[in-house]
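For reference, the chains in residue letters:
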Amino acid sequence: MKNLKIKFSSASVSFILDGKFASIDKFADKANAIYITDDHVYALHEKKFKGKKTIVIPAGEEHKQQSTVDFIIEALLNFGATRSSILVGVGGGVVTDMVGYVGGIYMRGVAVGFVPTTILAMVDASIGGKNGIDVGVYKNMVGLIRQPSFLLYDVEFLTTLPQHQWENGFAEIIKHAAIKDAKMMAELNAHDLAYYQKNTKALKALIEKNVQIKVKVVQKDEFEKGDRKLLNFGHTLGHAIENEHALLHGHAISIGMVYAAKISQVLQGFKDTGLLVDTLKKYGLPTTMHFDIEHTMEVMQKDKKKSAAGMQYVLLNKIGKAVYETVPMKSLQKLIKLYS
Ligand SMILES: NC(=O)c1ccc[n+]([C@@H]2O[C@H](COP(=O)([O-])OP(=O)(O)OC[C@H]3O[C@@H](n4cnc5c(N)ncnc54)[C@H](O)[C@@H]3O)[C@@H](O)[C@H]2O)c1
Ligand SMILES: [Zn+2]
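The sections below set out a description of the structure shown in this document.

A closer look at the overall build of the chain
Next, step 1: In terms of helices and strands, the chain carries 13 helices and 12 strands.
Next, step 2: Against the compact-globule benchmark of 20 Å for 340 residues, the chain has a radius of gyration of 20 Å, which places it among compact chains.
Next, step 3: Oriented by its inertia axes, the alpha-carbon framework of the chain measures out at about 60 × 40 × 35 Å.
Next, step 4: Taking all 340 residues of the chain together, the buried fraction comes to 55%.
Next, step 5: By sequence separation, contacts in the chain at least 24 residues apart represent 69% of the contacts at least 6 residues apart.
Next, step 6: Distance from the positive charge centre (43 side chains) to the negative charge centre (34 side chains) of the chain: 6 Å.

Here is the structure:
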């Protein structure tokens, strides 16, 4: 077991990499711990929760809403949760985002721990202290930035993860490689998804590398003034087509990354679109799609990254080196058209 203490400006967080859920009492003492998970994870891993105070919420982004927060708070009151309680979120990003938020507001704040059970939550969503809920169709509109006390990684949970959720998580892993780590991109390109699904040792090492990347970016910029924005690579166009076409997040940002790479060819002299596309394909990710450009531009304009001068776009200078540039809307539309 590897226990890394990571210092963020607001708190210090234990990362228990290569952990075992069976030993969680060491990190969340039994008397005070209350577990919160979703009904998919609970159904598949029920035995693990035996003897634990557990709140089960309905799975899915559509439940990342205030009504579920109210449900959790009521259940906490029924369990007699106090300020000394520790809430342990076991699940994907929906669970960790919501548990982080409830932990921040229940009795003005109680301790929180996470056991991420999707690749996406392991390498992205559960790291960095951002949490919250959607308001109707508006994503992540309410929430706070507050770090958990610990994160425990147990890859055994991944044995039940559906294939498309693996693809979803690997889209963020490839994103990390694109913006921060050329060596990791080469490694990813040399293998494929099946390799990591079969090879637990390689998977654990890859997850750990991605934890380090996300941690480093957040440490530098916990409150999203600069570097943290680079994590939005592929997400500007990605979000727009994700909502319009009901795509899986990872599939949408995969296409978003390909466009961002092509735009980077023109604006940054980027030369490795081929490598990025080839790598995405190895992880079952789509790299092209037909969409209505005018309409997508309109959706993008509503995005919070737009300023008067244009859209703040994350581009690649080379693999491993991302920059952001304000691109006027007109040029952006031209470039997207050019590559469609
Ligand atoms: N806070 C952040 O910085 C941050 C960053 C990225 C994403 N997010 C948020 O994360 C959420 C997406 O996370 P996600 O992709 O993990 O979604 P999710 O929590 O909805 O999980 C995806 C699906 O997998 C199921 N699942 C989870 N673990 C499983 C397992 N081990 N076996 C079988 N099924 C399992 C879930 O029940 C769900 O159906 C979004 O709400 C997004 O806004 C937050
Ligand atoms: Zn994402």
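A word on a nonpolar patch on the surface
Next, step 1: On the surface, a nonpolar cluster with roughly 510 Å² of combined accessible area is contributed by Val135, Val137, Tyr138, Met141 and Val142.
Next, step 2: Counting residues per element, the nonpolar patch draws most heavily on strand E8 (residues 138-145), which supplies three residues.
Next, step 3: Mapped onto the secondary structure, Val142 falls in strand E8.

Some thoughts on the site of ligand 1
Next, step 1: Looking at ligand 1, there are 26 residues lining it, with Asp38, Glu61, Thr117, Thr118 and Thr160 nearest.
Next, step 2: Between ligand 1 and Phe157, the relevant distance is 2.9 Å, taken from a nitrogen atom to a main-chain nitrogen or oxygen of the residue.
Next, step 3: A distance of 2.7 Å separates a nitrogen atom of ligand 1 from a polar atom in the side chain of Thr160.
Next, step 4: In isolation ligand 1 has 870 Å² of accessible area, and contact with the protein removes 87% of it.
Next, step 5: Looking at the shell around ligand 1, the elements with two or more residues in it are helix H1 (39-44), helix H3 (93-105), helix H4 (119-125), E8 and helix H5 (163-180).
Next, step 6: Of the residues in the shell around ligand 1, the class split is nine nonpolar, nine polar and eight charged.

What about the sheet that holds strand E1 (residues 2-7)?
Next, step 1: Strand order across the open sheet formed by seven strands is E1-E2-E9-E6-E5-E3-E4, with mixed pairing between neighbours. Of all the strands in the sheet, just E1 and strand E4 (54-57) have a single pairing partner and so form its edges. Strand-to-strand twist of the sheet, defined as the mean angle between neighbouring strand axes without regard to direction, takes the value 20 degrees.
Next, step 2: Relative to strand E9 (residues 150-152), strand E6 (residues 111-116) runs parallel, the two being bridged by two bridges. Bridging from a neighbouring strand, Gly113 pairs with Phe150 of E9.
Next, step 3: Contacting strand E3 (33-38), E4, strand E5 (86-91) and E6, H3 crosses the sheet at an angle of about 165 degrees to E5.

Here's the deal with H5
Next, step 1: With 18 residues, H5 extends 26 Å between its outermost C-alpha atoms, agreeing within 8% with the 26 Å of an ideal straight helix rising 1.5 Å per residue.
Next, step 2: Within H5, 14 of the 18 residues are buried, which leaves the element mostly enclosed by the surrounding structure.

Brief notes about the nonpolar core
Next, step 1: Membership of the largest hydrophobic core comes to 97 residues, with the highest contact counts inside it found for Phe15, Phe170, Leu188, Ile207, Tyr313, Leu332 and Ile336.
Next, step 2: Setting aside chain neighbours within four positions, we find Phe15 in contact with Lys2, Asn3, Leu4, Ile6, Phe8, Ile127, Leu151, Tyr153, Val211 and Val215.
Next, step 3: Core analysis: the second largest hydrophobic core is formed by 16 residues, Ala33, Val115, Phe150 and Leu152 among them.

Concerning the pattern of salt bridges
Next, step 1: Inspection of every chain in the model, using the stated rule, returns 13 salt bridges.
Next, step 2: Lys2 is the salt-bridge partner of Glu208, the closest N and O atoms lying 2.6 Å from each other. Of this pair, Glu208 sits in helix H8 (residues 200-220) while Lys2 sits in strand E1, and the two are 206 residues apart along the sequence.
Next, step 3: Classification of Lys2 by relative accessible area gives partly exposed; the value is 39%.
Next, step 4: Taking the shortest distance from any N to any O, the salt bridge between Lys64 and Asp97 comes out at 2.8 Å. With a gap of 33 residues between them, Lys64 in the loop between E4 and helix H2 (66-78) and Asp97 in helix H3 connect regions that are remote in the sequence.
Next, step 5: By relative accessible area, Lys64 is classed as buried at 3%.
Next, step 6: Residue Asp97 is classed as buried on the basis of its relative accessible area of 11%.
Next, step 7: A single salt-bridge network, built from bridges that share partners, covers Glu61, Lys64, Asp97 and Lys139.

A few points about the coordination of the zinc ion (ligand 2)
Next, step 1: The zinc ion (ligand 2) binds to the protein through Glu172 (OE), His235 (NE2) and His249 (NE2), with metal-donor distances spanning 2.0 to 2.1 Å.
Next, step 2: For the zinc ion (ligand 2), the single-chain donor residues occur in sequence as E-x62-H-x13-H. Placement of the pair is Glu172 in helix H5 and His249 in helix H10 (residues 249-268), with a sequence separation of 77 residues.
Next, step 3: Overall, the relative accessible area of 1% leaves Glu172 in the buried class.

What about the side chain of Asn210?
Next, step 1: Within the fold, Asn210 resides in helix H8.
Next, step 2: Separated by 2.8 Å, the side chain of Asn210 and the backbone oxygen of Leu206 make a polar contact.
Next, step 3: Those residues in contact with Asn210 that lie beyond four places of it in its chain are Val123, Ile173, His176 and Met184.

As for helix H11 (residues 273-282)
Next, step 1: Along H11, the residues that are buried comprise Thr273, Leu276, Val277, Thr279 and Leu280. All buried residues of H11 lie within an arc of 165 degrees about the axis, which places them on one face of the element.
Next, step 2: Where H11 is buried, its residues meet H5, helix H6 (182-190) and H10.
Next, step 3: Looking at the residues trailing H11, positive phi occurs at Gly284, about 70 degrees.

Here is what the cut-offs are and how they apply
Residues numbered from 1 in each chain as written. Chains lettered and ligands numbered in written order. Predicted model: local features only at pLDDT ≥ 70, side-chain atom pairs only at ≥ 80, totals over all residues. Heavy atoms only, no water. Helix = DSSP H or I, 4+ residues; strand = E, 2+ residues; numbered from the N terminus. Rg over C-alpha atoms; globule rule 2.2 N^0.38 Å. Buried < 20%, exposed > 50% of the residue type's maximum accessible area, 1.4 Å probe, protein only. Contact = heavy atoms within 4.5 Å. Lys, Arg positive; Asp, Glu negative; His and termini not counted. Charge placed at Lys NZ, Arg CZ, Asp CG, Glu CD. Patch = residues over 30% accessible without salt bridge, like charges linked within 9 Å, V, L, I, M, F, W, Y side chains within 5 Å. Areas by Shrake-Rupley, 256 points an atom, 1.4 Å probe, with all protein chains shown as cover. Salt bridge = Lys/Arg side-chain N within 4 Å of Asp/Glu carboxyl O. Near = heavy atom within 4 Å. Polar contact = N/O pair within 3.5 Å; in protein donor to acceptor, adjacent residues only side chain to side chain. Nonpolar A, V, L, I, M, F, W, Y, C, P; charged D, E, K, R; others polar. Pairing = 2+ DSSP bridges. Axes fitted to C-alpha atoms, helices over the stretch in contact; angles between N-to-C directions. Expected span 1.5 Å × (residues − 1). Core = buried A, V, L, I, M, F, W, Y, C linked by side-chain atoms within 4.5 Å. Donors = N, O, S within 2.8 Å, 3.2 Å for Na, K, Ca; no water. Arc of directions from axis to C-beta.

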